[in-house]
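Structural overview
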Amino acid sequence: MLEELNIVMLGDVIGAPGLEQVFVKLNHLKKKERISLAIANGENSDDGFGITQQIVGSMISYGIDVITSGNHIWSNRDAEELLNDYDYLLRPANYPEAAGKGYFIKTINDKKIGVVNLMGRYFMTPIDCPFQTLNKLLKSELKNCDAIIVDFHAESNSEKQALAMEFDGRISLLAGTHTHVQTADEKILPKGTGFIADLGMCGGIDSVIGMEKEGILEKIVTQTTVPFKPSKDNCKLQGIIANISLTSKKTNSIGRFSI
Ligand SMILES: [Fe+2]
Ligand SMILES: [Fe+2]
C-alpha cells in the first residue's frame, strides 16, 4: 500500500524559456527524487500570457500531471474550451462563474490526491472568497481524498499565510504562486500542513518577474505601453519537493529548489 508520496510543484512557467527548463530538467529531477506527482503553474506559458492546446500537450509530455493557473489563464481566446476539454488543466476554483474546474483528483495506486487551485483577492480581482470556496470543496468534492494540495495564486504574503493557517491540518500542503519570486519561508505548520508563500518561476530569472528587463524598465520609467517578452537570462527551474503522508494527510518534509 502506498503510504507516502513525493511530489514536485513548479512556479509559473514563463514562455518558451520556462518550458525549455521543464523539458530539460524535470525528468531527471523526478527520477532522482522518486516523484509520483508533478504540478506546474501554466498561466504564463504562452509567451508570458495564458496557455495553448499545444503547450498543454507539451507540458504533459514533459512529465507534468496537473497544470494550475491564475489570473492570466484568460489571456488566450481558447481558454474556456481548453478548460472544458482538459480536466487536469485548472483555473482558480473561486472564480464565480467560469468554464472548467478549480480542482482535479489524481488517483495513484488507489489513493486519491486532490489538487486545488485558488486565487487571492488582495491587490487582485475581487472574485469569490478563497476561504469559503476551499471549505466547501473540502466538505464535498474533496471529502474522500487521501491528500490535498493547494496552489494559491495570490499577490499578498499575508493572505497566503492566513489561508494556510486557517486550513492547517485540513489540507496537506499550500504553495503560493503568482509573484514569480521564490520565498525562503518553506515550513510545516503546527498541525502538519506544508507551506511556502511562493514557488518562484521557471524561466529567465535575471529579469523583471520573468520578462526581459529592458522592455519592463522602459514601461515603468516612461509609464507608456511597451511590448515585452519572456527573458532568456539565467534560466532556472524553481519550486518545491515535498513528501506527504497518505495516512495522516500531513507533509513530512518540504524543500525548495532553484536549479
Ligand atoms: Fe504568473
Ligand atoms: Fe498570476
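Scroll up to find the structure this text is about.
1. Some details on the overall build of the protein
Looking only at helices and strands, the protein has six helices and 13 strands in total. In terms of overall size, the protein behaves like a compact globule, its C-alpha atoms giving a radius of gyration of 17 Å where 259 residues would be expected to give roughly 18 Å. By principal-axis analysis of the C-alpha atoms, the protein measures approximately 55 × 40 × 35 Å. The burial tally for the protein puts 48% of its 259 residues in the buried class. For the protein, the share of sequence-separated contacts (at least 6 apart) that also reach a separation of at least 24 residues comes to 66%.

2. Thoughts on the environment of G176
In this fold, G176 is placed in strand β8 (residues 173-177). Of the residues examined, G176 has 29 C-beta atoms within 10 Å and is grouped as buried.

3. Thoughts on the sheet that holds strand β10 (residues 194-196)
Pairing is mixed across the open sheet formed by six strands, whose spatial order is β5-β6-β7-β8-β10-β9. The outermost strands of the open sheet, each flanked by one partner alone, are β5 (103-108) and β9 (187-188). Two strands pair when backbone bridges link them, and strand β6 (residues 111-119) and strand β7 (residues 147-153) are joined in this way by seven bridges, in the parallel orientation. The residue bridging N117 from the neighbouring strand is D151, located in β7. Each of β5, β6 and β7 is contacted by helix α4 (residues 130-139), which is oriented at about 165° to β6, the strand it contacts most.

Conventions used here
Residues numbered from 1 in each chain as written. Chains lettered and ligands numbered in written order. Predicted model: local features only at pLDDT ≥ 70, side-chain atom pairs only at ≥ 80, totals over all residues. Helix = DSSP H or I, 4+ residues; strand = E, 2+ residues; numbered from the N terminus. Rg over C-alpha atoms; globule rule 2.2 N^0.38 Å. Buried ≥ 20, exposed ≤ 12 C-beta atoms within 10 Å, placed from the backbone. Contact = placed C-beta atoms within 7 Å. Pairing = 2+ DSSP bridges. Axes fitted to C-alpha atoms, helices over the stretch in contact; angles between N-to-C directions.

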